[in-house]
Amino acid sequence: MTQAKPQETVSTLSLGVIAYNEEGCLADILGDISAQDYPHEKMEILLADSGSTDRTKEIMLRFQQENAAGFHRIVVLDNPKKVQPAGWNVILSNAGGEVVFRIDAHASIPPDFVRKNMERLNR
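Bear in mind that the values here come from a model prediction, so they are computed numbers and not experimental data.

What counts and what doesn't
- Residues numbered from 1 in each chain as written.
- Predicted model: local features only at pLDDT ≥ 70, side-chain atom pairs only at ≥ 80, totals over all residues.
- Heavy atoms only, no water.
- Helix = DSSP H or I, 4+ residues; strand = E, 2+ residues; numbered from the N terminus.
- Rg over C-alpha atoms; globule rule 2.2 N^0.38 Å.
- Buried < 20%, exposed > 50% of the residue type's maximum accessible area, 1.4 Å probe, protein only.
- Contact = heavy atoms within 4.5 Å.
- Lys, Arg positive; Asp, Glu negative; His and termini not counted.
- Charge placed at Lys NZ, Arg CZ, Asp CG, Glu CD.
- Axes fitted to C-alpha atoms, helices over the stretch in contact; angles between N-to-C directions.
- Parallel < 35°, antiparallel > 145°, perpendicular 65-115°, else oblique.
- Left-handed = near helix turned anticlockwise from the far one by under 90°.
- Nonpolar A, V, L, I, M, F, W, Y, C, P; charged D, E, K, R; others polar.
- Phe/Tyr/Trp six-rings, centres within 6.5 Å; stacked < 30°, edge-to-face > 60°.

Thoughts on the overall build of the chain
Then, in step 1: In terms of regular secondary structure, the chain is built from four helices and four strands.
Then, in step 2: Sequence-ordered secondary structure for the chain, helices as α and strands as β, is β-α-β-α-β-α-β-α.
Then, in step 3: For a compact globule of 123 residues, the expected C-alpha radius of gyration is about 14 Å, and the chain comes in at 15 Å, within 12% of that figure.
Then, in step 4: Buried positions account for 41% of the 123 residues belonging to the chain.
Then, in step 5: Nonlocal contacts in the chain, meaning residues at least 24 apart in sequence, comprise 76% of its contacts between residues at least 6 apart.
Then, in step 6: Charged side chains of the chain number 13 positive and 17 negative; the gap between the two group centres comes to 6 Å.

Overview of the environment of Asn89
Then, in step 1: Residue position: Asn89 is located in helix α3 (residues 84-94).
Then, in step 2: Since its relative accessible area comes to 52%, Asn89 is described here as exposed.
Then, in step 3: Taking the C-alpha atoms as reference, Asn89 lies 8.9 Å from Asn79; in sequence the two are ten residues apart.

Section: unusual backbone geometry
Then, in step 1: One non-glycine residue with positive phi stands out, namely Asn21, at about 50°.
Then, in step 2: Of note, Asn21 is situated in the loop between β1 (13-19) and α1 (26-34).
Then, in step 3: Even without being glycine, Lys82 reaches a positive phi, approximately 70°.
Then, in step 4: By secondary structure assignment, the location of Lys82 is in the loop between β3 (73-78) and α3.

Considering the packing of α1 against helix α2 (residues 56-67)
Then, in step 1: The contact between α1 and α2 brings their axes to 10 Å, and the two run at 20°. With respect to α2, the element α1 is oriented roughly parallel. The two elements α1 and α2 cross, and the hand of that crossing is right-handed. Between α1 and α2, the contacting residues are Leu26, Leu30, Ile33 and Ser34 on the first element and Thr56, Ile59, Met60, Phe63 and Asn67 on the second.
Then, in step 2: For the contact of α1 with α2, the class distribution of residues is six nonpolar, three polar and no charged.

Here's the deal with the packing of aromatic side chains
Then, in step 1: Within this structure, the stated rule accounts for two aromatic pairs.
Then, in step 2: For the ring pair Phe63 and Phe71, a centre distance of 6.2 Å and an interplane angle of 45° mean the geometry is tilted.
Then, in step 3: Of the residues examined, Phe63 reaches a relative accessible area of 7% and is grouped as buried.
Then, in step 4: Take Phe71: its relative accessible area is 5%, and that puts it in the buried class.
Then, in step 5: Aromatic pair Phe101 and Phe113: ring centres 6.1 Å apart, planes at 65°, arrangement edge-to-face. Of this pair, Phe101 sits in strand β4 (residues 99-102) while Phe113 sits in helix α4 (residues 113-121); the two residues are twelve residues apart in sequence, bridging distant segments of the chain.
Then, in step 6: Residue Phe101 is classed as buried on the basis of its relative accessible area of 9%.
Then, in step 7: On the basis of relative accessible area, Phe113 is assigned to the partly exposed category, the value being 23%.

Spelled out as structure tokens, the structure:
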């Protein structure tokens, strides 16, 4: 009988948000991301702009600049094909975390969202 190897603990994550003309709600989800009670130094934030014609990319860049010291890294990316599946390919090809979380730009997440999901993954 072979013994199962204990699984390694997952600790780092990439959190991806794709947006197109979401200036009206993007600050809310970025605020929710900032409020996460999971260690920010283990969180990579990937923000993909799909060619917005409003201030979406400007909001992403400001978030990157204002929060650079707290998170593992924050990257603002371009999704030139504009459609969400192509945006996820951009996110996934740039992700460095052990797992990737997809968060919609117009969503809302509680402060314990990342921590609870990581705890579940590690059970």
